[in-house]
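Coordinates in review
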Number of protein chains: 2
Amino acid sequence: MKYGIVIFPSKALQDKANSFRKRYDPHYALIPPHITLKSTFEVNDVDIKDIADQLHQTAQRFAPFQIKVTKFSSFQPVNNVIYMKIIPEPEIVDLHEAVNAVIADSPSEYSFVPHITVGQDLSNDEHSDVYSSLRLQEINHEETIDRFHLLYQLDNGSWTVYETFRLRKE
Amino acid sequence: MKYGIVIFPSKALQDKANSFRKRYDPHYALIPPHITLKSTFEVNDVDIKDIADQLHQTAQRFAPFQIKVTKFSSFQPVNNVIYMKIIPEPEIVDLHEAVNAVIADSPSEYSFVPHITVGQDLSNDEHSDVYSSLRLQEINHEETIDRFHLLYQLDNGSWTVYETFRLRKE
């Protein structure tokens, strides 16, 4: 089965992201707005229980932490993805690293850029139009992250939550 | 914020339900196929933490249990909802009761009919058409339920998981 690991930000931030995703993100109906910690990986039904247990242990080593969203950005020229940029503070970078250490597949070739996607699969013209207006908007949002989730993908491409992991270090 | 409590059945059962929901359920993109334990209720951000803690305690009193899906059924004449019927064995009925005891709002006027909705908001003609074909289909599916989830609703009507509760009694 295909799994992924994400953080769902607060309802307020998800609602804001969705106001853009509705128009600019074809994945709008497949998954709520999220910060990806580990993108799609394939695991069988037996191993996933072990992985879930390890992720519980990982979560116990982390305390809840603050994230700051400051602006919209884009992955262009790599791809036409527009996103809300999250400051890569040590806490979220460390959590990303710890979560990826649990899944024993090939490590990502990309460095971790914590973000919430609000637009993707845009044509070059669409991307320019949307991004040129969004890049001027300032965002000044801060909130606490205290959990992350393990999800699996259904045949229709949508994602269901398998388990929640609360950051429990005090 | 608006919350709800559901069981997500296995991927196999969700995929099967979605093959019908895609055509017959306007909520198809808002939430994965599910068994509702507690429908929408309103709680503030502080009380929900207490409720989550209580739900963890509830989950510890229950062992994983089997559910059996045997056929399609309909809530007509109450409403034009078509669903996969889950045998109301004591385990799921007890879990429903325990979960509802945690949320201190007005108790439901309806008796609990465990089910997975596959069609709703159908016109009378649509309902007759779809149900007359589905009611002849036999389903013979059994699986283990070992967790349930607390969800909240976004402004666009879709649902995000807040927390997972594993049935931990051995």
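Further up the page is the structure itself.
Here is a short report on the structure shown in this document. These numbers were taken from a predicted model, which means no experiment stands behind them. (Residues numbered from 1 in each chain as written. Chains lettered and ligands numbered in written order. Predicted model: local features only at pLDDT ≥ 70, side-chain atom pairs only at ≥ 80, totals over all residues. Heavy atoms only, no water.)

**Quick notes on the overall build of chain A**
Of the regular secondary structure elements, chain A holds four helices and eight strands. Listed by position from the N terminus, the elements making up chain A come as β-α-β-α-β-β-α-β-α-β-β-β. Taken against the 2.2 N^0.38 rule, which gives 15 Å for 170 residues, the C-alpha radius of gyration of chain A at 16 Å falls within 12% of a compact globule. For the C-alpha atoms alone, the extent of chain A along its principal axes is close to 45 × 35 × 30 Å. Within chain A, buried positions represent 50% of all 170 residues. Nonlocal contacts in chain A, meaning residues at least 24 apart in sequence, comprise 77% of its contacts between residues at least 6 apart. As displayed, chain A offers around 8500 Å² of accessible surface, 46% of which is attributable to carbon and sulfur atoms. Where the 17 positive side-chain charges of chain A centre and where its 24 negative ones centre are 6 Å apart. (Helix = DSSP H or I, 4+ residues; strand = E, 2+ residues; numbered from the N terminus. Rg over C-alpha atoms; globule rule 2.2 N^0.38 Å. Buried < 20%, exposed > 50% of the residue type's maximum accessible area, 1.4 Å probe, protein only. Contact = heavy atoms within 4.5 Å. Areas by Shrake-Rupley, 256 points an atom, 1.4 Å probe, with all protein chains shown as cover. Lys, Arg positive; Asp, Glu negative; His and termini not counted. Charge placed at Lys NZ, Arg CZ, Asp CG, Glu CD.)

**As for the pairing of strand β8 (residues 159–166) of chain A**
All names here are of chain A. Counting buried positions along β8 yields seven of eight residues, so the element is predominantly enclosed. Bridge count between strand β7 (residues 147–153) and β8: seven bridges; the pairing is antiparallel. Looking at the pairing, L150 lines up with E163 of β8. Linking β7 to β8, which pair antiparallel, is a turn of five residues; within it G157 sits at a positive phi near 95°. (Pairing = 2+ DSSP bridges.)

**Description of the relation of the copies chain A and chain B**
If you rotate chain A by 180° and push it 0.0 Å along the axis, it lands on chain B with an RMSD of 0.0 Å. Taken together, the turn and the small shift mark the pair as related by a two-fold rotation axis. In this assembly, 100% of the residues forming the interface of chain A have copies in chain B that are likewise at the interface, indicating an isologous arrangement. (Least-squares fit on C-alpha atoms with pLDDT ≥ 70 in both.)

**So, unusual backbone geometry**
Residues and elements named next belong to chain A. Q76 connects to P77 through a cis peptide bond whose omega is 10°. With respect to the secondary-structure elements, P77 resides in the loop between β3 (65–74) and β4 (82–86). For D121, which is not glycine, the phi torsion reads 55° and is therefore positive. By the secondary structure assignment, D121 is in the loop between β5 (115–119) and α4 (124–134).

**Some details on the side chain of B:H34**
Residue and element names in this part refer to chain B. Position of H34 relative to the elements: it lies in the loop between α1 (11–24) and β2 (35–42). Using a relative accessible area of 18% as the deciding quantity, one classes H34 as buried. Non-local contacts of H34, meaning those with residues more than four positions away in its chain, are made with V6, I7, F8, P9, H115, I116 and T117.

**Side note on the packing of helix α2 (residues 45–60) of chain B against helix α3 (residues 90–102) of chain B**
Residues and elements named next belong to chain B. In the contact formed by α2 and α3, the axes pass within 10 Å of each other and the chain directions differ by 155°. Between α2 and α3, the crossing angle belongs to the class labelled roughly antiparallel. Pair α2 / α3 crosses with right-handed handedness. Along its contact with α2, which presents I51, Q54, L55 and T58, the element α3 presents A98, V99 and V102. Residues that form the contact of α2 with α3 fall into these classes: five nonpolar, two polar and no charged. (Axes fitted to C-alpha atoms, helices over the stretch in contact; angles between N-to-C directions. Parallel < 35°, antiparallel > 145°, perpendicular 65-115°, else oblique. Left-handed = near helix turned anticlockwise from the far one by under 90°. Nonpolar A, V, L, I, M, F, W, Y, C, P; charged D, E, K, R; others polar.)

**Topic: the environment of B:W159**
Structurally, B:W159 is set in strand β8 (residues 159–166). For B:W159, a relative accessible area of 16% corresponds to the buried category. Sequence-wise, B:W159 and B:K2 are 157 residues apart; in three dimensions their C-alpha atoms are separated by 9.5 Å. Those residues in contact with B:W159 that sit more than four places away from it in its chain are A:P32, B:K2, B:Y3, B:G4, B:L30, B:I31, B:T40, B:L151, B:Y152 and B:Q153.

**Focus on the pattern of salt bridges**
Applying the stated criterion to the full structure yields 16 salt bridges over all chains. For A:E89, the salt bridge goes to A:K68, with nearest N and O atoms at 3.6 Å. With A:E89 in the loop between β4 and α3 (90–102) and A:K68 in strand β3, this pair connects stretches of sequence that are 21 residues apart. On the accessibility criterion, A:E89 (26% relative accessible area) is partly exposed. In this structure A:K68 comes out as partly exposed when scored by relative accessible area, which is 34%. Where A:R147 meets B:E163, a salt bridge forms, and the shortest distance between an N and an O atom there is 2.8 Å. (Salt bridge = Lys/Arg side-chain N within 4 Å of Asp/Glu carboxyl O.)

**Things to note about the interface of chain A and chain B**
A common way to report how large an interface is uses the accessible area buried once the components associate. In this assembly, 30 residues from chain A lie in contact with 30 residues from chain B. Counting the surface chain A buries against chain B, the share from its top three residues, A:K11, A:R147 and A:L154, is 22%. Inspection of the region where chain A meets chain B yields eight salt bridges. For A:E163, the salt bridge goes to B:R166, with nearest N and O atoms at 2.8 Å. Summed over the shared surface of chain A and chain B, the result is 17 residue pairs in polar contact (both at pLDDT 80 or more). Counting only elements with at least two residues in the side of chain A that touches chain B, the list comes to α1 (11–24), α2 (45–60), β7 and β8 of chain A. Among the elements that line the side of chain A that touches chain B, the one with the most residues is β8(A), at seven residues. A per-class count over the side of chain A that touches chain B returns 12 nonpolar, eight polar and 10 charged. (Buried area = accessible area lost by both parts, 1.4 Å probe. Polar contact = N/O pair within 3.5 Å; in protein donor to acceptor, adjacent residues only side chain to side chain.)

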